[in-house]
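Each chain is listed here by its residues.
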Amino acid sequence: MIEFWQKREPRERWVLIAAALVLSYILIDTLLLQPFKLHQARVADQLEQAQDDLDWMRQAITRLPPANSKPRKVVAGRVITFLDQQITRQGLKSNMQQMTPIQQHSARLRLTDVEFSHLLRFFSAIAGSINIEEIRILPADEAGLVNVSLVLSNGQEPT
């Protein structure tokens, strides 16, 4: 190797040194710097997503009812009326196929082609006032829609 180097003219040596430097830079950039930059960008994206999630959770906490507040129960005979009001408020009236009273304290409800997010809002609206005794959720023909069959009760035993 030394003999090869000594046989070269000074101009050739400088060209070989420059080529070696350029090749070294390309190898270091390709094998070390680029993977590091990609990893750093991924971590920054994950951190930004986690910060967005944290901000959303902080906002959601402010909307929760206080821990010491007692949910109100629906009195007997008004389960159907309460459910009808909540279905109307949540915009699910067009999805309601059937609502049948069961004695004075319960009702059977069937909803079709309901957006799952609307169903969750409905559950949130009745939480604490009405108990879900039975539930069956089946996917509808269209993505994001479900068919629901519920038995709801005010938690009181029949008299």
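Small disclaimer: the values here were computed from a predicted structure and weren't measured. (Residues numbered from 1 in each chain as written. Predicted model: local features only at pLDDT ≥ 70, side-chain atom pairs only at ≥ 80, totals over all residues. Heavy atoms only, no water.)

Chemist: Go over the packing of helix H3 (residues 79-89) against helix H4 (residues 116-126), please, and point to the residues and values.
Modeler: Here H3 crosses H4 at 140°, and the two axes come no closer than 10 Å. Here H3 lies oblique to H4, going by the angle between them. Of the two elements, H3 crosses H4, and the hand of that crossing is right-handed. Within the contact between the two elements, H3 uses Phe-82, Leu-83, Gln-86 and Ile-87 and H4 uses Phe-122, Ala-125 and Ile-126. (Axes fitted to C-alpha atoms, helices over the stretch in contact; angles between N-to-C directions. Helix = DSSP H or I, 4+ residues; strand = E, 2+ residues; numbered from the N terminus. Parallel < 35°, antiparallel > 145°, perpendicular 65-115°, else oblique. Left-handed = near helix turned anticlockwise from the far one by under 90°. Contact = heavy atoms within 4.5 Å.)

Chemist: So, the sheet that holds strand S4 (residues 145-153): which residues are in play, and what are the values?
Modeler: The strand order S1-S2-S4-S3 describes an open sheet built from four strands, whose pairing is antiparallel. The outermost strands of the open sheet, each flanked by one partner alone, are strand S1 (96-102) and strand S3 (131-139). Across the sheet, the axes of successive neighbouring strands diverge by a mean angle of 15°, strand direction being ignored. Pairing between strand S2 (residues 106-115) and S4: eight bridges, direction antiparallel. Looking at the pairing, Val-114 lines up with Val-146 of S4. Contacting S1, S2 and S4, H3 crosses the sheet at an angle of about 160° to S1. The strands that H4 touches are S2, S3 and S4; relative to S2, the one it contacts most, it runs at about 150°. (Pairing = 2+ DSSP bridges.)

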